[in-house]
Amino acid sequence: MTDALWNWDELLKVVPFAVADRTPSRAITGFSIDTRSLQPGDVFVALKDQRDGHEFVTNAFKAGAAAAIVDAEYQRRPGDGALIRCKSSLHALEAIGIAARSRLSAKTRVIAVTGSAGKTTTKEMLRACLSAVAPGKVHASEKSFNNHWGVPLTLANMPRDVQYGVLEIGMNHAGEIKPLSEMVRPHAAIITTVEAVHLEHFGSVEEIADAKAEIFQGLVQGGSAIIKRDNPHFDRLRVRAEAHGARVVSFGLSDTADVYAETLNLLGDGSDITARVGNKKVSYRLAMPGRHIAENSLAVVAALAAVGADLDSALGALATLAPPAGRGLRTRLSVPGGEVLLIDESYNASPASMRAALETLSSVARDKFPRRIVVLGDMLELGRDASILHKGLKEAVTGSGADLFFACGPHMKGLYDALPIVMKGDYAEAASGLQAPLITALRAGDVVMLKASNGTKLGPLVEAVKKHFSGASRSHEIGQ
């Protein structure tokens, strides 16, 4: 039997202006905002976001919800169970999240992660490492639950007896990270990097750096600010961290950082790293390939040290950790005559992360996969320079050794047109238009990488390719 995460009276006390409408008939074991993933015992929070969650309250009870949090004016329907009525379901979720953070033990350590790229992968590395030293006592953000509802939802679902919490915090506009960090109150806050992303909403990359630095405003007194040393905005971030009383810990590939790679051996399927942490030296194997992943692993080392985790025990978990779906996950697909290696980078993209992914692609051994195919979709939220930034990837594409190039999206059309005709596979305005030509082109010995911003909808193309070749039972995800 699953232990109750919260009791009814607790919730009524922490939700502002709460009015109980009946009482639940089962224990409260979690919170959900989506009836498709809701588990029996969850409290359904009816948020008004892209759709109005109040439309799905009755469905939530059919799925086994213990209760639902609704706005005061919600009209009960047949089949509805216990309700908590309040002025705003979002404000209720925020209050529950804050209360969940406050009830943690003084010994619990919380880490927050933000940055222009690498947030989710870094968060998953931390989850794996901390789970190795505290099995069953680590709570981390699911997927990319890093926004105004994702952070309080993650906190609300945090058991009171965890030893470590790891939360991802994202933003599109200035002012979004500060209130989330103040909810989380981390002991260590990581900024993976600052790059030219979300330029549609910012006047400069310096403004992006300032927005990322908001994460330091929620740090507990004397907490650690973990910052990339060789980022051009390091000093800007350092000043802001120190202004909030943080202990600054830098990480990077050069020995100017507090935590740095003394040796780094980049391999086709990962990296071997020896890191220097003050007077201590630790060596570990990283199963995820790429210089950028290796660098972010040093931020993980810094955070583990900052919260007092045993490094040798924790870092062993990285030897078998696969990248999250959409962020470099590799799948071998059986095709006539052999295999295709599919690299799924479909979840997000920026100029910097595009270059990093293309550099990683170039490390795939030609003897195993002699032909390289690149499929790129639009990078979103780049503002007025979007077309220039897309065309600027030409050198990175050719430098990756790509043999065939497919593209989708209006901005990526400029890059496609700029490449030599011998490299051109096909172009389509929408990702779905590439399905038939890409599948037709794939053959044994190919490595194909697909990358774009999530809104470009390259993910369904990845799944279509996998489904087409799923008849061969040997297809498998590497590291799983």
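Parameters at a glance
- Residues numbered from 1 in each chain as written.
- Predicted model: local features only at pLDDT ≥ 70, side-chain atom pairs only at ≥ 80, totals over all residues.
- Heavy atoms only, no water.
- Helix = DSSP H or I, 4+ residues; strand = E, 2+ residues; numbered from the N terminus.
- Rg over C-alpha atoms; globule rule 2.2 N^0.38 Å.
- Buried < 20%, exposed > 50% of the residue type's maximum accessible area, 1.4 Å probe, protein only.
- Core = buried A, V, L, I, M, F, W, Y, C linked by side-chain atoms within 4.5 Å.
- Contact = heavy atoms within 4.5 Å.
- Pairing = 2+ DSSP bridges.
- Axes fitted to C-alpha atoms, helices over the stretch in contact; angles between N-to-C directions.
- Parallel < 35°, antiparallel > 145°, perpendicular 65-115°, else oblique.
- Left-handed = near helix turned anticlockwise from the far one by under 90°.
- Nonpolar A, V, L, I, M, F, W, Y, C, P; charged D, E, K, R; others polar.

J.: Could you give an account of the overall build of the chain, with specific residues and numbers?
T.: For the chain, the helix and strand inventory stands at 16 helices and 21 strands. Scaling as 2.2 N^0.38, a compact globule of 480 residues should have a C-alpha radius of gyration of about 23 Å, and the chain matches this with 23 Å. Counting only C-alpha atoms, the chain reaches 70 × 55 × 45 Å along its principal axes. The proportion of buried residues among the 480 residues of the chain is 55%.

J.: Describe in detail the environment of Leu 382, supporting the description with residues and values.
T.: With respect to the helices, strands and loops of the structure, Leu 382 is situated in the loop between strand E17 (371-377) and helix H12 (386-391). Sequence separation of Leu 382 and His 201 is 181 residues, and the distance between their C-alpha atoms is 8.4 Å.

J.: Provide a residue-level description of the nonpolar core, including the pertinent values.
T.: One finds Ile 111, Leu 126, Ile 226, Leu 304 and Leu 315 to be the most contacted residues of the largest nonpolar core, which totals 43 residues. What Leu 304 contacts, discounting residues up to four positions off in sequence, is Leu 126, Cys 129, Leu 130, Ala 309, Leu 311, Ala 314 and Leu 315. Judged by nonpolar contacts, the second largest core, of 32 residues, contains Leu 167, Leu 180, Ala 225 and Ala 246.

J.: Could you give an account of unusual backbone geometry, with specific residues and numbers?
T.: Unusually for a residue other than glycine, Phe 17 sits at a positive phi of about 55 degrees. Secondary-structure assignment places Phe 17 in the loop between helix H1 (8-14) and strand E1 (19-21). Overall, Phe 17 belongs to the exposed group, its relative accessible area being 59%. With a phi angle near 75 degrees, Arg 22 is a residue other than glycine that sits in the positive phi range. Mapped onto the elements, Arg 22 comes out in the loop between E1 and strand E2 (30-32).

J.: Just give me the short version of the sheet that holds strand E5 (residues 82-86), but keep the residues and values in it.
T.: Adjacent strands of a sheet pair through backbone hydrogen bonds, lying either parallel or antiparallel. Across the sheet, five strands lie side by side as E1-E5-E4-E3-E2; this open sheet has mixed pairing. One side of each edge strand has no neighbouring strand; the edge strands of this open sheet are E1 and E2. Each adjacent strand pair in this sheet contributes to an overall mean axis angle of 25 degrees, direction not counted. Direction of pairing for E1 relative to E5: antiparallel, over a ladder of three bridges. From the neighbouring strand, Val 19 faces E5, where its bridge partner is Arg 85.

J.: So, the sheet that holds strand E14 (residues 280-286): which residues are in play, and what are the values?
T.: Spatially, the nine strands line up as an open sheet ordered E7-E8-E6-E9-E10-E11-E12-E13-E14, and their pairing is mixed. Of all the strands in the sheet, the pair left with one neighbour each is strand E7 (138-140) and E14. Across this sheet, the average inter-strand angle for adjacent strands is 15 degrees, counted without regard to direction. In this sheet, strand E8 (residues 164-168) lies alongside strand E6 (residues 109-114) in parallel orientation, the contact comprising five bridges. Within the sheet, the bridge partner assigned to Ala 112 lies in E8 and is Leu 167. Here helix H9 (residues 291-306) sits on the sheet and contacts E6, strand E9 (188-191), strand E10 (224-228), strand E11 (247-252), strand E12 (259-267), strand E13 (270-277) and E14; the angle it forms with E12, its principal contact strand, is near 145 degrees.

J.: Let's hear about the side chain of Asn 296: which residues, and what values?
T.: Among the structural elements, Asn 296 can be located in helix H9. Classification of Asn 296 as buried rests on a relative accessible area of 9%. Those residues in contact with Asn 296, other than ones at most four positions away along the chain, are Gly 118, Thr 122, Met 125 and Thr 192.

J.: Mind laying out the packing of helix H7 (residues 205-212) against helix H8 (residues 234-243), listing which residues take part and the relevant values?
T.: Relative orientation of the contacting elements H7 and H8 amounts to 30 degrees, with a least axis distance of 10 Å. As summarised for this structure, H7 and H8 are arranged roughly parallel, according to the angle between their axes. The two elements H7 and H8 cross, and the hand of that crossing is right-handed. Contacts between H7 and H8 involve Glu 206, Ala 209 and Asp 210 from the first element and Arg 236, Leu 237 and Arg 240 from the second. By residue class, the composition of the contact of H7 with H8 is two nonpolar, no polar and four charged.

These figures capture arrangement, not role.
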